[in-house]
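# Structural description and commentary
Here's the letter readout for the chains.
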Amino acid sequence: MEQIFDHRVYAVKELSSITREDGSTDEDAMREVAAECKKMGMVESEFVVHYVTSFASASKFYIVMELLDGAEFRDVIVARHEQPLGEAVIEHWLAQLAMGLDHLHEECGMVHQDLH
């Protein structure tokens, strides 16, 4: 596991989909996720969250990424239920999303499989 001592705060995503119902590790899924993470380490775009490192521990897999300021997109949408977002804001967000997906697809030859 790579040690990071730069005094920054990171986001860590825990993947449970690599564990079978009996609690054992799905080794094929673990290898696939590790390979995808290795590819993400090569992506450089202002529209894609920066991958830092990943590791496995006790049949779970963890992905360490840059921590972005603000709230999760889903939380913003839910909070704005009573007061809808303006068209300009939605257009701006969709443009950023499209640029990130375009970079992954065109520049990196990748297809995002975890879009929420």
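What you see is a predicted model, and the numbers here were worked out from it, not measured in a lab.

How each quantity is defined
Residues numbered from 1 in each chain as written. Predicted model: local features only at pLDDT ≥ 70, side-chain atom pairs only at ≥ 80, totals over all residues. Heavy atoms only, no water. Helix = DSSP H or I, 4+ residues; strand = E, 2+ residues; numbered from the N terminus. Buried < 20%, exposed > 50% of the residue type's maximum accessible area, 1.4 Å probe, protein only. Contact = heavy atoms within 4.5 Å. Areas by Shrake-Rupley, 256 points an atom, 1.4 Å probe, with all protein chains shown as cover. Phe/Tyr/Trp six-rings, centres within 6.5 Å; stacked < 30°, edge-to-face > 60°. Pairing = 2+ DSSP bridges. Axes fitted to C-alpha atoms, helices over the stretch in contact; angles between N-to-C directions. Polar contact = N/O pair within 3.5 Å; in protein donor to acceptor, adjacent residues only side chain to side chain. pLDDT = per-residue confidence, 0-100. Core = buried A, V, L, I, M, F, W, Y, C linked by side-chain atoms within 4.5 Å.

Counting secondary structure elements, the chain contains three helices and three strands. The N-to-C order of helical and strand elements in the chain reads β-α-β-β-α-α. Here the chain holds 116 residues, and 20% of them are scored as buried. Of the contacts formed within the chain by residues at least 6 apart in sequence, a portion of 55% connects residues at least 24 apart. Accessible area of the chain: about 9000 Å², with a carbon and sulfur share of 53%.

If you walk through the whole model with that rule in mind, you get one aromatic pair. For the pair Phe55 and Tyr62, a centre-to-centre distance of 5.1 Å together with 20 degrees between the ring planes defines the contact as stacked.

This next bit is on the sheet that holds strand β2 (residues 51–57). Here we have three strands laid out as an open sheet, ordered β1-β3-β2, and antiparallel in their pairing. Only two strands of the sheet have a single partner each, and these edge strands are β1 (10–15) and β2. Strand-to-strand, the axes of this sheet are offset by a mean angle of 20 degrees, without reference to chain direction. Judged from the six bridges that link them, β2 and strand β3 (residues 60–66) form a sheet pairing that is antiparallel. Bridging from a neighbouring strand, Thr53 pairs with Val64 of β3. Set on the sheet, helix α1 (residues 27–40) makes contact with β1, β2 and β3; between it and β3 the angle comes to about 10 degrees.

Residue placement: His103 occurs in helix α3 (residues 87–107). In this structure His103 comes out as buried when scored by relative accessible area, which is 18%. A polar contact is formed between the side chain of His103 and the backbone oxygen of Glu44, at a distance of 3.3 Å. When sequence neighbours within four positions are dropped, the list of residues in contact with His103 reads Val43, Glu44, Ser45 and Cys108.

Right, let's talk about the confidence of the model for the chain for a bit. On average, residues of the chain carry a pLDDT of 82, and 86% of them reach 70 or more. Mean pLDDT in the chain bottoms out at helix α2 (residues 73–79), which sits at 79, and peaks at α3, which reaches 90.

One finds Leu15, Ile18, Ala29, Met30, Val33, Cys37, Tyr51, Phe61 and Ile63 forming the largest nonpolar core, which totals nine residues. Within the residue set of this core, elements represented by two or more residues are α1 and β3. Element by element, the count of residues in this core is highest for α1, at four residues. Excluding its chain neighbours within four sequence positions, the residues that come into contact with Phe61 are Lys13, Glu14, Leu15, Ile18, Met30, Val33, Ala34, Cys37, Ser54, Phe55 and Ala56.

To continue, consider the side chain of Ser45. With respect to the secondary-structure elements, Ser45 resides in the loop between α1 and β2. A polar contact is formed between the side chain of Ser45 and the backbone nitrogen of Phe47, at a distance of 3.1 Å.

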